[in-house]
Amino acid sequence: MGLLSLGTPLTWEDTKKVASQVRNHGITQFLHTWDRLKDKNGDELLWGDEIEYMVVALDDKTKTAKLSLRQTEILAKLQQIVLNISSETDSSLSIAVPAFHPEYGRYMLESTPGSPFTGSISDLLAVEKDMRFRRSLAREHLKPNEIPLTLTSFPRLGTPGQFTEPYYDPRDAVSSHSLFLPEEITNPHARFPTLTANIRRRRGSKVSINLPIFFDEKTPRPFIDPTIPWDRTIYPEDPEAKNGAALVDHIYLDAMGFGMGCCCLQLTYQACNVTDARRLYDGLIPIGPIMLALTAGSPIWRGYLSDVDCRWNVIAGSVDDRTEEERDLKPLQQDRFKIPKSRYDSVDLYISEDWRNRPEYNDQTLVIDQCIYNRLRQHGIDDLLSKHIAHLFIRDPLVVFSEMIDQDDTTSNDHFENIQSTNWQTLRFKPPPPNSPIGWRVEFRSMEVQMTDYENAAYAVFITLLSRAILSFNLNFYLPISKVDENMARAQGRGASQSEKFYFRKDVYSPGNSPKSSGGSSPVDGPRPKDRKLRNCFPPLEMPENGVPKGPVQEEYEEMSIEEIMNGKGDSYPGLLGLVWAYIDTLDVQGEELSKIHSYLNLIRRRANGSLQTPATWIRNFVRSHPSYAQDSVVTQEINYDLIVAIDEIERGIRPAPDLLPEDYTGGEVDGGTIA
């Protein structure tokens, strides 16, 4: 979550009146950025992570675990502590003190490194200690009964009774009109309740999310949720549940807080230039669903075991502001477009001009604002990037502050970011901000947060190394966008990492290109010295002089298991881990460093082959094996308390979890982390 603006938010009715103005000026701001920085080149690799925590209050006497709504108080204390550490540190040491930020849920904290990591091997391997230091810092300044938890979704969010500390009544949910979540669950900054209310008002109804129930031995069939207050009559939308919004055999969720109250792990990379940023963006698009399945961590929703393992469709539904016309439930009359997806969903378009990006890969009908597209093209921007921006800008702004309507488009990008930052996709292509040395960036957004900093660091290191392999070896992961969408749907199912197959490219090497041919050796100069730093600038791959034979796209990919995608299949495809190891072989990595990298990649290898469980599978098994579980899909207060305590103890390293983590895992109790 970025810097929160201060001001007076417009009502939805007033926001509609300025929507075109915001879009038009947003495009003007992007064009100023483009003209100023399209030729920016040579930026070094800078990257970082964002980790979200939920703060949980434990009551050992009553065996309850509740969400602590003290975000404002906790952040004020942490920010003061961070200032104190900074002021007490010798400025010559260049120690980067971490930062903490507000998030949507009033029980959430977001943390980032104090400054970006570089491409040095030492920085790559400092990630885990940095993450641990952030968690330790947060833990030290919570109440004795509070813990900072990296868990994707709180299992009993929205259940009857008390699930927050203190208790608030859902009948006062004036922004969301939820049957389940109180107003006070939301960050009080004006942006968040306004965002919540304006999504509902624009849509013309509450959001509606239905997750299939996990049918255990004693789960009622059909399952009709007895915890829904079917007959409540406080808000106009209250009858929606009984009028069809709540489906039989499903868990019904009706508010933005169920999605935006989730925690995740996100990674952002600065590219050498805009061309490399677009190449990296495209290269990581097919990786998004694979990593979603591999990091799955959210099988419980509103106190019930579901038949899904991931958060993605919950968040997509929770911010789905499309009207009935836009959802193709009614003919277009008032609205401009029929829009196939929520504004939180998977990427719709490959954007690189690389010759390997065949038109057939962008095989989905792309809805664009034709006027914006024409304007971008007339300004000299290429077809694919123009389509990308024009597609993002089919959306309305959701929160506009009256004080920020009139801006200097040459020095501000707030209107552009208003639209850009509320298109929440699996990846985000990020132009440089104004008045900043920051370059063109790519944000990888699909992964679920893991229970421990060791796991989160492992995935961060893996994606970082994979990003370098993609650029260094000119890897080709292209497959039709429609197949990426199918993979996203498959990735969320129960046990998908072991039971599902996913579309993936069979030959990822470009013609005449492989790790061996990309290593920089020549008969004259001999092997290139190994790098001590992850490089960031890579020359684009030249098209072969005799052209490239193009067969049917359908012959380029096949269905593979996660194990095959990650660990390899046959002699021709080495797996993503094999590609990463080939890239590591181009680096000058010392013994202890190599051992640490091996530990991280081995965790991922074992998650892929099933010898270690995903967090979702581990959580599901914990619930189903709990002594008080009644085989009815219900996660009681007692089960929830024991689960939260177990996760915290695993993170601290005082409870072994051999099904989840390697036997040599050392937790936060022993290693509280450091910053450098």
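This text follows the structure it describes.
What counts and how
- Residues numbered from 1 in each chain as written.
- Predicted model: local features only at pLDDT ≥ 70, side-chain atom pairs only at ≥ 80, totals over all residues.
- Heavy atoms only, no water.
- Axes fitted to C-alpha atoms, helices over the stretch in contact; angles between N-to-C directions.
- Helix = DSSP H or I, 4+ residues; strand = E, 2+ residues; numbered from the N terminus.
- Parallel < 35°, antiparallel > 145°, perpendicular 65-115°, else oblique.
- Left-handed = near helix turned anticlockwise from the far one by under 90°.
- Contact = heavy atoms within 4.5 Å.
- Nonpolar A, V, L, I, M, F, W, Y, C, P; charged D, E, K, R; others polar.
- Buried < 20%, exposed > 50% of the residue type's maximum accessible area, 1.4 Å probe, protein only.
- Phe/Tyr/Trp six-rings, centres within 6.5 Å; stacked < 30°, edge-to-face > 60°.
- Lys NZ or Arg CZ within 6 Å of the ring centre and 35° of its normal.
- Polar contact = N/O pair within 3.5 Å; in protein donor to acceptor, adjacent residues only side chain to side chain.
- 1 Å grid on protein atoms, 1.4 Å probe; cavity = no way out; pocket = protein on both sides within 12 Å on 5 of 7 lines; lining within 4 Å.
- Points joined across faces, edges and corners; volume = space filled by probe spheres on them.

In this section: the packing of helix α9 (residues 287–294) against helix α14 (residues 453–472). Contact geometry of α9 with α14 gives a least axis separation of 13 Å together with a crossing angle of 160°. Viewed along their axes, α9 and α14 adopt a mutual orientation that is roughly antiparallel. Taken as a pair, α9 and α14 cross one another with a handedness that is right-handed. Mapping the contact onto sequence places I287, M291 and L294 in α9 and Y459, F462, I463 and L466 in α14. A class-by-class count of the residues in the contact of α9 with α14 yields seven nonpolar, no polar and no charged.

The next point concerns unusual backbone geometry. With omega at 0°, the peptide bond leading from E165 into P166 counts as cis. Here the amide bond leading from R221 into P222 is cis, since omega sits at -5°, within 30 degrees of zero. Non-glycine residue R302 carries a positive phi angle of around 50°. With respect to the element layout, R302 can be found in the loop between β10 (300–301) and β11 (304–305). Residue classification places R302 among the buried positions, given a relative accessible area of 2%. The phi angle at D328 is positive, at roughly 65°, despite the residue not being glycine.

Any two aromatic rings considered together are summarised by their centre-to-centre distance and by the angle between their planes. Counted by the stated rule, this structure contains 24 aromatic pairs. Here the aromatic residues F30, W34, Y281, F393, F416, F429 and W440 are joined through ring pairs into a cluster of three or more. Geometry around F215 places R221 over its ring, the cationic atom sitting 4.0 Å from the centre. The residue whose ring lies beneath R620 is F214, and the NZ or CZ to ring-centre distance is 5.3 Å.

With respect to burial, helix α15 (residues 481–491) is a largely interior element, nine of its 11 residues being buried. Among all positions in α15, only I481, S482, K483, V484, D485, N487, M488, R490 and A491 are buried. The inward-facing, buried residues of α15 contact α9, α10 (312–318), α16 (496–499), β16 (501–505) and β17 (557–561).

Tracing the chain through its elements places T426 in the loop between β13 (424–425) and β14 (427–430). Reaching out from T426, the side chain makes a polar contact with the backbone nitrogen of V347 at a distance of 3.3 Å. Setting aside chain neighbours within four positions, we find T426 in contact with W312, D345, S346, V347, E443, F444, R445, S446 and M488.

For the rest of this paragraph, the subject is the environment of K61. Take K61: it is sitting in the loop between β1 (47–59) and β2 (64–68). By relative accessible area, K61 is classed as exposed at 82%. Taking the C-alpha atoms as reference points, K61 and P9, separated by 52 residues in sequence, lie 43 Å from one another.

The subject of this paragraph is the layout of surface pockets. Taken as a whole, the second largest pocket spans an internal volume of roughly 340 Å³. Together, 17 residues line the second largest pocket, and N476, R505, V548, P549 and E556 are the ones closest to its centre. Looking at the lining of the second largest pocket, its residues break down into six nonpolar, three polar and eight charged.

Taken by themselves, the reported measurements are silent on function.
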